[in-house]
Structures are given as C-alpha cells and as structure tokens.
Amino acid sequence: MFTAEDLAFDRQHIWHPYTSMIDPLPCYPVISAHQCTLTLADGRRLTEGMSSWWAAIHGYNHPRLNRALTEQMEQMSHVMFGGITHPAAVALCRKLVSMAPAGLEKVFLADSGSVAVEVAMKMAVQYYSGDTLPRNKFLTVRHGYHGDTFAAMSVCDPDNSMHALWKGYLPEHLFVSAPATGFYDPWQESDIAEMQQMLAVHHQQLAAVILEPIVQGAGGMRFYHPDYLRKVRELCDQYGVLMIADEIATGFGRTGRLFACEHAGISPDIMCVGKGLTGGTLTLSATLTTGKVADKISRSPAGCFMHGPTFMGNPLACAVACESLALLEEGHWQQQVSHIEQQLKEQLMPLGDCPLVANIRVLGAIGVVECHYPVKMAEIQQFFVRQGVWIRPFGRLIYLMPPYIITPEELSRLTGAIRMAVVQPALFNLLE
Ligand code: PMP
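Keep in mind that this is a model prediction, so the values were computed, not measured.

Participant: Help me out: how do you make sense of the overall build of the chain in this one?
Facilitator: If you tally the helices and strands in the chain, you get 13 helices and 16 strands. Here the chain has a C-alpha radius of gyration of 22 Å; the compact-globule value for 432 residues is 22 Å, and the two agree. Overall, the chain is about 60 × 55 × 45 Å in size when its C-alpha atoms are taken along their principal axes. The 432 residues of the chain split such that 55% are buried. Sequence-distant contacts in the chain: of pairs separated by 6 or more residues, those separated by 24 or more amount to 71%. Separation of charge centres in the chain, based on 31 positive and 40 negative side chains, amounts to 1 Å.

Participant: Honestly, the sheet that holds strand 11 (residues 270-273) in this entry has me stumped. Any pointers?
Facilitator: Pairing between sheet strands relies on hydrogen bonds along the backbone, with the strands arranged either parallel or antiparallel. Spatially, 7 strands are ordered 4-12-11-10-7-5-6 in an open sheet, and the strand pairing comes out mixed. One side of each edge strand has no neighbouring strand; the edge strands of this open sheet are strand 4 (106-110) and strand 6 (174-176). The mean inter-strand angle of the sheet, taken between neighbouring strand axes irrespective of direction, is 20 degrees. In this structure, strand 4 lies alongside strand 12 (residues 285-289), joined through 5 bridges in antiparallel fashion. Looking across to strand 12, one finds that Phe108 is bridged to Thr287. Running over the sheet, helix 7 (residues 193-202) touches strand 5 (137-141), strand 6 and strand 7 (206-211) and is turned about 155 degrees from strand 6.

Participant: Sorry, what's going on with the packing of aromatic side chains here?
Facilitator: Where two aromatic rings form a pair, the distance of their centres and the angle of their planes describe that pair. This structure, assessed with the given rule, holds 12 aromatic pairs. An aromatic cluster of at least three residues, connected via ring pairs, comprises Trp54, Phe394 and Tyr399. Over the face of the ring belonging to Trp54 we find Lys275, whose NZ or CZ atom lies 4.7 Å from the ring centre. Its guanidinium or amino end placed over the ring of Tyr127, Lys296 lies 4.2 Å from that ring's centre, counting from NZ or CZ.

Participant: I tried to follow the nonpolar core on my own but got confused; where do I start?
Facilitator: Grouped burial of nonpolar side chains is what soluble globular proteins tend to show. Residues Met195 and Ile398 are the most contacted members of the largest nonpolar core, which totals 107 residues. Looking at which element gives the most residues to this core, the answer is helix 10 (residues 315-329), with 7 residues. Contacts of Met195, omitting those with residues within four sequence positions, involve Leu139, Val141, Val176, Val209, Tyr228, Val232 and Leu235. Counting 28 residues, the second-largest nonpolar core is a separate cluster that includes Ile210, Leu242, Ile248 and Ile297.

Participant: For this particular structure, what's the right way to read the site of the ligand?
Facilitator: Neighbouring residues of the ligand: Trp54, Ser112, Gly113, Ser114, Tyr145, His146, Gly147, Glu212, Asp246, Ile248, Ala249 and Lys275. Within the side chain of Ser114, an N or O atom sits 2.6 Å from an oxygen atom of the ligand. Separating a nitrogen atom of the ligand from a side-chain N or O atom of Asp246 is a distance of 2.6 Å. Within the complex, the protein chains bury 81% of what would otherwise be the 400 Å² of accessible surface of the ligand. Looking at side-chain class alone, the shell around the ligand contains 4 nonpolar, 5 polar and 3 charged residues.

Participant: Looking at this structure, I do not really get the pattern of salt bridges. What am I missing?
Facilitator: If the charged atoms of two oppositely charged side chains come close together, the side chains can form a pair. The final tally for this structure, using the stated rule, is 14 salt bridges. Its salt-bridge partner being Arg64, residue Glu330 comes within 3.0 Å of it at the nearest N-O pair. Residue Glu330 is found in the loop between helix 10 and helix 11 (332-348), and its partner Arg64 is found in helix 3 (residues 63-75); the two are separated by 266 residues along the sequence. Judged by its relative accessible area of 41%, Glu330 is partly exposed. Here the residues in one salt-bridge network are Arg64, Glu323 and Glu330, joined through shared partners.

Participant: Just to check I follow, could you spell out helix 7 for this structure?
Facilitator: In an α-helix, one full turn covers 3.6 residues, which means residues spaced three or four apart are oriented alike. When we look at burial in helix 7, the residues that qualify are Met195, Met198 and Leu199. Taken around the axis of helix 7, the buried residues stretch over an arc of 95 degrees, which confines them to a single face. Its buried side turned inward, helix 7 meets strand 5, strand 6, strand 7 and helix 8 (226-239).

Conventions used here
- Residues numbered from 1 in each chain as written.
- Predicted model: local features only at pLDDT ≥ 70, side-chain atom pairs only at ≥ 80, totals over all residues.
- Heavy atoms only, no water.
- Helix = DSSP H or I, 4+ residues; strand = E, 2+ residues; numbered from the N terminus.
- Rg over C-alpha atoms; globule rule 2.2 N^0.38 Å.
- Buried < 20%, exposed > 50% of the residue type's maximum accessible area, 1.4 Å probe, protein only.
- Contact = heavy atoms within 4.5 Å.
- Lys, Arg positive; Asp, Glu negative; His and termini not counted.
- Charge placed at Lys NZ, Arg CZ, Asp CG, Glu CD.
- Pairing = 2+ DSSP bridges.
- Axes fitted to C-alpha atoms, helices over the stretch in contact; angles between N-to-C directions.
- Phe/Tyr/Trp six-rings, centres within 6.5 Å; stacked < 30°, edge-to-face > 60°.
- Lys NZ or Arg CZ within 6 Å of the ring centre and 35° of its normal.
- Core = buried A, V, L, I, M, F, W, Y, C linked by side-chain atoms within 4.5 Å.
- Near = heavy atom within 4 Å.
- Polar contact = N/O pair within 3.5 Å; in protein donor to acceptor, adjacent residues only side chain to side chain.
- Areas by Shrake-Rupley, 256 points an atom, 1.4 Å probe, with all protein chains shown as cover.
- Nonpolar A, V, L, I, M, F, W, Y, C, P; charged D, E, K, R; others polar.
- Salt bridge = Lys/Arg side-chain N within 4 Å of Asp/Glu carboxyl O.
- Arc of directions from axis to C-beta.

Structural data, given as structure tokens:
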C-alpha cells in the first residue's frame, strides 16, 4: 500500500539522485519488480529498459538469486571481514579470479562502484609509495565517469562533473581528449597521439591511467575503438605506469564480451567491477589486481593495503553475486546479448532519419539514440510511463540497457516508445 501521503512525504523529505529538494522532479512509486517488469503503486506495469542503472542483468526477482540470498540469510547476514573469512566470499572470489582477464588474481571486496574506484586509485598510489619518487597523479580521458566520491570525481569528465564546483577540494589530475575513433570505424593512429605525449612528459608523476574500457557510460555513452585500449596498454607498459580499467558499467557481458577489455585482448593491472556483480540485487563491488601490484603494496612502507570498510565482504552480497556469476558461467548471456544487439540495430538504426536525432549507436545490449537537443526530463519520463516503459534518458541521450532476459516483444515495446518520442519536439528543450 503506497498512499498519496507517502508520495508527499517522499517529496518533502527524501533526496533522490541529482534532484532539487525545492522543486524535485516527480518520482514514480514502484511496489514490485519481476523479470523485466516494474509494477507501480497504481497497478500500471512498465517494461524495464534500464536494468536499474545497468545492474539487474538477469531481471528482477530471479528465483536462483532469491534462493542464494535466503539460504545465506539463514546462516548469517553479516560478519566482519577483519580476521574472519566465510564460504560466500571465498566462492565468489574464486569465480571472479577464474572469469577475470588473465593475471587479475587478488580481489578486494568493496561496497559500491565509487568505492571500488577509490580503492583502485589508492592501490596505484600505494604501489609507488615506497619509491624514491612517489607518484600521485592520474591520467584519464575526457567524457569519463567513475563515480561520485571525491577521488572518483577527480577523474570524471571535468565539465560534466563540474570540477569548477569542487575546486580546492578535488585533487587535480591530467586529461586528454576522449578517444575519437568509434568502435566500428577504421582505426586512426592519430587518436592515441595526445595520450602518448602526456605519458612521455608526465610518466614519472603518474600512478596510473584510468579509463572505462570501450564504452564511456554516464559521461556520454560513447563507444570507442579497441585499438585505443590496446595502445593505452602498450604505452602504460612502455612508460611503467599502471593501467586501471573501470569495468563497473561494462563488466559481465554488457558489451557482448564478458569484460570489455576482451575486445582489445588486454588485461589491466587493476580492474573495478560493480553494478551487475550481484545481478543488481545488493550493493557490492570488487577491485582486482595482479600478484605483482599486491606484492609491491604489501612491501610498501605501510606494509599492507590501507582500506577496510565495515561491510567488506558482506555474506549476503557475496552469496548473491556468486549465484549471479554462476548464471553467467552457464553462458546463455552470450546468445541473449547478441539477440538484443541485433534487434536494437534493426529497430533503432532507422530512427537516424528523424530530424531530432543526431546519432544512433548499438554495442552488445546497449542502444543509444543521441538527439540534437536535451530532453525535457519530467515530460519525457511521463511520456514513457504512459507508453508502459521505464526509460530514463539524460541530457541528449535516450538509451536502453535492458536485462539480458528481455523478450523480443518487450524490447520492441521499448524501441517503439523511443520511436514515438523522437518525433515529438515538445519532449525536448529546443532552445539549448
Ligand atoms: N564507474 C562507472 C563506469 C560507472 O558507470 C559508475 C556508476 N554509474 C560508477 C563507477 C560508480 O558506481 P556506483 O554508482 O555504484 O558508486
């Protein structure tokens, strides 16, 4: 039961992401979620196009994920990880190490994507901390997004994440232009020149290059060429700088490969995963690294890695993550993602002819319709809800990242709603 009063309380007292407390955007009360359907308090059912910010890869209320949770709950929901281990953490990390790109064999369990990035950056700094010349700078590409905590924000796109607002609080790092060669375009060698020059000049200060492999997500939903990633790996080796791959959005099959790094056949020195790790059930992330990095950190002046959150290795989260990885190991995701990719291409590409549409791109289970104008958020959200779909655009981008289990009919409902939206100028801010 969810009343009008509950909604009014929410509006008065509860902060939602990136929303004003004075004049908040409307919220839609969801009372249950099953497979690819969200049910609203008034009984309306919406087909899910977002996988709850790209996390619910197997859909909602999955019987195996639920069972893993309840079985774990009957043993223990939580126990501290300092001086204690437990079967769920060991089973999960065993699977993670076996699935991850080669060499990533030491796992740090953290609480969220942003914290995994904090951990990765801390690892890189600590890796060099015993050297005669310690390093504390990071190099990254524009249009990146790595989370909302301070270290993570410091390597987000400086304009999108409004570095100006945090000046004085944020550490200042080095940026190069975003990769320009698209995933499907012929590789342009000039694309890597700026990265190469920055590394040549600054490598002695640089702890790591950090970037999202292949897909830049919240910073613009851009898909770049695998050769870019391959060259970054080569340059990091050449200049002796660590490479951090943030696979939080791309990991676990979303781009058509288990990890996006596989498109380039590379292994980073440090890799962050989150989001889909628990199939979108609970918050959990992991930062994986190599034996070489872990050994050097352990020999650094501190003698250990300096991090240890209260809920580290939470057994419920580990158990459900382990089952989510078991579902992936069964391999159906490959067919599912490839069918989604094909259908998204067939149904979204023709929208390129609409005057409001600037670009259409599809990779794996990600479909992006980039428009010429920013959406009017409240209006377009209401429009989509009326069409019976849950799609949450941002800026000029209307995109789909559905659960892998979505049916062709459900996916058609999502693409059909986008097709109707992009011919309605009233849903866009035409003046910007
Ligand atoms: N890195 C990337 C690539 C992301 O897409 C996100 C979340 N959108 C994060 C980090 C931060 O994850 P979280 O929101 O779980 O802190």
